[in-house]
Amino acid sequence: MHVLIRRAELDQLRNLLERHSAAAVISSPGLGSDEMLTALEIESTVPVIRVPNGQTEFARPYAGLEILLSSLRTLRLRGFESTDLESRLRADLCESPATALEIADEVTQLIGNLDLEQGVLVIVPDADEMDQPSQLILAHLLRRMAGNRLKFAVSTGELSPNSLLAGVPGVELKHLSESRMRKLADDLTAGRIAAGVVDVAVRTASGRPSALRRLLERLPLNQLEGAQALDLPLRLGPNAEDMVQAATRDLGEEAEELLGLMSLAPLTPRPALLGESHEAQELFAELESHGTVEKDGVYSRYSEELARASRHQILGVDQRLVGHSLLAQRCEGSYPELHHWHRSFSDATVDTPRQLLADASQLVQAGMVWAGIEFAERAMALSMESESVSSPLIDLADRLIDRGQIDFALRYLDHAARSADTKVLVRARTLRVWAEFLCRQSVPLRLRNQWTRNEVTAAPTEVAHLQLVIGLCHAVRRETAEAQELLDNARSLSAHFSVRSQRLFRSLDVLLECGRGRNGQAVEDFRELEAAEDTDPGSLLLLSMGLMAAENYDLALATLDCLDACAGKGMIWETQSLCVRAEIAIRRGDIGLAIGLIDRCASPAATGGVIRRDRLLLLRCWSLLAQGRASDAEKVEAELTVHATASQNRSLLAELNALQGNYLLRMDLPAEAVRHLHRCEELASSELNPNIIRHEPDLIEALLATGRREHAGMLVRVFHARVERTPSRWAELALERSRILLLSDDLAFDAMGRLLGSWRPDDSQFDKGVTLLVMAKRLAESGNQGAAAERSRLAVGIFREVGSDHLAHAARPERAEVPADPARNCLLDRLTADERAVVDLVREGLKNREIALRIFVSLRTVELRLTSVYRKLDVTSRTELVARLAKGPGLSVVNPKSNAGTQGSLAVSQ
């Protein structure tokens, strides 16, 4: 496990040592300062002296300085003789600051007079643990050294402004983020650590990389790889308490005993822990004020799992058993789940594992997820054979999925799949399909191979539910044909449906019908919600999605209100509800509200884990483009493309291309827009409902803007046929606008006026603004600049009202182009001849490597010239560069051979 914990911070330390004679690593215990100094020593190109940490000797004044000087003497440096000074230090025990400063001046002069032929690095770990006079002298030396080849790297704990070592240039180490800790755990184990195990390890280490290294080194291989149950809390090895000493220092024996009892369980009921003792209650309040413990309803627990693991490790076996026995007695009757937990350590029976798993499911359902996971690991450790715990493990996995804990759900499903029971195996397979869909949006490739004839005979109820779940995954991915096939398969087993399967069958059927433009069943189901005694969150979510597809937005939002009320915080439904609300806001044209909802979707607090990444990424991309932040959207678009490709989700790629095409069209780049919209048309060829992706009107408008009138007319006829098959209000308005664009000017202006006059208050005002913008452009092309400016101003007002500040700015009439000589562009005059040559090839769609080959320069030269162009023209991406030049004075829009953003945001989905 020779993995560098903090490479970035080590580089910062090196930079400081290059500019200064001394640098400090400042950190609390466990954050990796020792590992950093070790790495600095190993990678050093000059001789290194490590000053030993003689903590037992530091009780005597100047002992630390003696050790430092004697360490320097081992180098046999020319002109360095400290023997006399060391003898005086051993004889002089005066600790006065004046004496120490005199010695500090002598030491500084002694080291300053050194004439070194090469550099030397002196490493002083735990400098703040030296005796006070030695610290004062060392700090004096470090702050005054300059221009010397002798360099000092020291480590110290957290410093206050009044600390003796304050003022030395330093790198302060912070607790690592969860993502960095997970990456470190993967590196430390060479990728062998199981998904759920890494979650436990990262949580236990509490942001301290040294703690993570310790516990992974002591974790048995079968537990590390997920083959066996975890022994929790995890072991940290000797001296683990040093990492959390600040939280438990000087608490007294009574507090130590209280913390010892709390370490025996993931949570402890306060009445059982404290009883009626006022002294114990005061002690708990003191611990809470220090941040050592915290409350969760009637329960209490450690604030940091590392502190609990450390305290648990200090206790002997006998102490733990006595504590478990005491708490089992106190919890009996009032807190049965904790009674079962504590009894499992002293009086476990054959039924104990199943009981603990039942308790685990209840705890997870109540929101105490980590406690439930620890109960489950204990149950698995006690179970002698997998068959008896397989079914309750599946029940627990189901609860964990609802909480977004996909990794642990899959872990327990793997253990359950060791069963020989056909029903259990099919149930585990069904939940695995659903969990993997939530996590990666993947679906089984071969539908028929997901169940066998023997399984249909032995477990018809379970197979029917498996078919419905796979059908649901396809329906949500908008793969209607596959979803319908699975729905029909399940219908043949309807006599065996469970209550849950009946609900899912109905919900899936309603969703598919709404996708075909028929919302009668959905409205009927909504009206029955008031009378329903209990509601299923999944059914409510699917109903809201169906109502949204059928443009019953108010009913969809009301359904989501019901979902939010019944699902609670921290559930996967919370994130999905926000996503559907954002999509409704987009469809209604409420741009500002949609952007706000998407920001909430993206916040970690809103998610119960990384679920439905497809929708989160797509919505984020829409939000950035709606705000005109095309360069920021590039990374999201690339990530979304990789995700969609990995899960083979053609519909998701189609939606991305529709977004990109719409953005380019509104930025007056119709040729580039056509490319993306055509790609969307290809990917969404099986989608017959135009109200789902909504790309047809943009494609028709872009084709007309590029002179492809015949093609546009053909698409209008196709669009009309689709609207007749699945009618919707949005589609009717969009179709009429597309038809009008094909009319002559006189007829078009009259028809556009009638269309705008037919707009209802509940129709999308954003779409009305777009229609006004299209009309303004047509008027401007016909020479009626005054009428065009008036329509543009009306559009700008609407865009501002609905929160689309980006389009409001882009549509301002004063930004209209002034025709000029296309051969001249003052923007290009700002560039050198070499830079213009690169820009010309960028506009032709060539990539950087292709440009380098064309003009016979290196790839690096092309990148440097493009960077200079971006700076001069105030753009940040290829997309913005092409858009800026296309709008530049005197330069007509060029129709490149390929998309302008070949390497940027608008090519990632191809």
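Reading the values: rules and limits
- Residues numbered from 1 in each chain as written.
- Predicted model: local features only at pLDDT ≥ 70, side-chain atom pairs only at ≥ 80, totals over all residues.
- Heavy atoms only, no water.
- Helix = DSSP H or I, 4+ residues; strand = E, 2+ residues; numbered from the N terminus.
- Buried < 20%, exposed > 50% of the residue type's maximum accessible area, 1.4 Å probe, protein only.
- Contact = heavy atoms within 4.5 Å.
- Lys, Arg positive; Asp, Glu negative; His and termini not counted.
- Charge placed at Lys NZ, Arg CZ, Asp CG, Glu CD.
- Salt bridge = Lys/Arg side-chain N within 4 Å of Asp/Glu carboxyl O.
- pLDDT = per-residue confidence, 0-100.
- Pairing = 2+ DSSP bridges.
- Axes fitted to C-alpha atoms, helices over the stretch in contact; angles between N-to-C directions.
- Parallel < 35°, antiparallel > 145°, perpendicular 65-115°, else oblique.
- Left-handed = near helix turned anticlockwise from the far one by under 90°.
- Patch = residues over 30% accessible without salt bridge, like charges linked within 9 Å, V, L, I, M, F, W, Y side chains within 5 Å.
- Areas by Shrake-Rupley, 256 points an atom, 1.4 Å probe, with all protein chains shown as cover.
- Core = buried A, V, L, I, M, F, W, Y, C linked by side-chain atoms within 4.5 Å.
- Phe/Tyr/Trp six-rings, centres within 6.5 Å; stacked < 30°, edge-to-face > 60°.
- Lys NZ or Arg CZ within 6 Å of the ring centre and 35° of its normal.

Let's shift gears to the overall build of the chain. When helices and strands are tallied, the chain shows 47 helices and 8 strands. When its C-alpha atoms are laid out on the principal axes, the chain stretches across 110 × 80 × 50 Å. The burial tally for the chain puts 54% of its 910 residues in the buried class. For the chain, the share of sequence-separated contacts (at least 6 apart) that also reach a separation of at least 24 residues comes to 69%. On the chain, the mean spot of the 107 positive side-chain charges and the mean spot of the 128 negative ones are 7 Å from each other.

To continue, consider the pattern of salt bridges. Tallied over the full model, the rule gives 59 salt bridges. Where D564 meets R581, a salt bridge forms, and the shortest distance between an N and an O atom there is 2.9 Å. Here D564, found in helix α29 (residues 553-567), pairs with R581, found in helix α30 (residues 572-588); they are 17 residues apart in sequence, far enough to count as distant. Taken together, the salt bridges that share partners define one network made up of R7, D11, R14 and E43.

Mean pLDDT over the chain works out to 87, with 91% of the residues at or above the 70 mark. When pLDDT is averaged over each helix and strand of the chain, the minimum, 57, is found for helix α11 (residues 245-248) and the maximum, 97, for helix α17 (residues 336-343). Note on residues 604-609: pLDDT under 50 across the span, and 13 contacts to partners over four residues away in sequence or across chains.

Reading across from one edge, β2-β3-β4-β1-β5 is the order of the 5 strands in this open sheet, with parallel pairing throughout. Unpaired on one side and paired on the other, β2 (48-50) and β5 (170-172) mark the two borders of the sheet. Within this sheet the neighbouring strands show an average axis-to-axis angle of 15°, counted without direction. The sheet strands contacting helix α1 (residues 7-19) are β1 (22-26), β3 (120-124), β4 (150-156) and β5, and the helix crosses β1 at an angle near 155°.

This next bit is on the pairing of β1. Within β1, 5 of the 5 residues are buried, which leaves the element mostly enclosed by the surrounding structure. Bridge count between β1 and β4: 5 bridges; the pairing is parallel. Across the sheet, the residue bridging to V25 is S155, located in β4.

With that settled, the discussion passes to the packing of helix α20 (residues 387-402) against helix α22 (residues 422-440). Relative to each other, α20 and α22 sit at 20°, their axes nearing to 10 Å. One way to sum up the angle between α20 and α22 is to call them roughly parallel. With respect to the hand of their crossing, α20 and α22 are arranged in left-handed fashion. Between α20, through S390, S391, I394, D395, A397, D398 and I401, and α22, the contact on the second element is made entirely by V424, R427, A428, L431, W434, A435 and L438.

Our next topic: the sheet that holds strand β7 (residues 293-296). Strand-to-strand pairing in sheets goes through backbone hydrogen bonds, with the strands running parallel or antiparallel. Judged by pairing direction, the sheet is antiparallel, and its 3 strands sit side by side in the order β6-β8-β7 without closing on themselves. Edge positions in the open sheet fall to β6 (268-269) and β7, since each of these has one partner strand only. Sheet topology places β6 next to strand β8 (residues 299-302); 2 bridges connect them, and they run antiparallel. Note that in β8 the partner of T268 across the bridge is S300. Where helix α14 (residues 278-289) meets the sheet, it contacts β7 and β8, and its direction lies at approximately 105° from that of β7.

A cluster of acidic residues, E253, E254, E257 and E279, forms a negative patch at the surface. With 3 residues, the top contributor of residues to the negative patch is helix α12 (residues 253-262). By the secondary structure assignment, E279 is in helix α14. Among the residues examined, E279 registers a relative accessible area of 52% and is labelled exposed.

Below, the discussion takes up the nonpolar core. Ranked by internal contacts, the top residues of the largest apolar core, which has 138 residues, are L212, L216, L338, L400 and Y412. No other element matches helix α24 (residues 460-476), which puts 10 residues into this core. When sequence neighbours within four positions are dropped, the list of residues in contact with L212 reads M181, L184, A185, L188, A201, V202 and A205. Grouped together as the second largest cluster of nonpolar side chains are 87 residues, L617, V636, V674 and A883 included.

A few words on the packing of aromatic side chains. Tallied over the entire structure, the rule returns 8 aromatic pairs. Centroid distance F766 to F799: 5.5 Å. Interplanar angle 50°. Geometry classified as tilted. On the criterion of sequence distance, the pair formed by F766 in helix α41 (residues 765-781) and F799 in helix α42 (residues 785-802) is long-range, its members being 33 residues apart. An aromatic cluster of three or more residues is present, and its members are W341, F345 and F375. R378 extends its terminal NZ or CZ atom over the ring of F345, reaching a point 3.8 Å from the ring centre.

The next thing to look at is unusual backbone geometry. Omega for the peptide link from L232 to P233 comes to -5°, which places this bond in the cis form. Mapping P233 onto the fold places it in the loop between α10 (221-224) and α11. The backbone phi angle of D126 is positive, close to 55°, even though this residue is not glycine. Of note, A190 is a non-glycine position whose phi angle comes to about 55°, a positive value. Here A190 lies in the loop between α7 (178-188) and α8 (195-205).

It is worth spelling out helix α2 (residues 33-42) at this point. For α2, the full list of buried residues reads S33, E35, M36, L37, A39 and L40. Close packing links the buried residues of α2 with α1, β1, β2, β3, β4 and α9 (209-218).

A regular strand carries its side chains on alternate faces of the sheet. Across the 7 residues that make up β4, a large majority, 6, are buried. Across 5 bridges, β3 lies against β4 in parallel orientation. Across the sheet, V122 pairs through a bridge with F152, a residue of β4.

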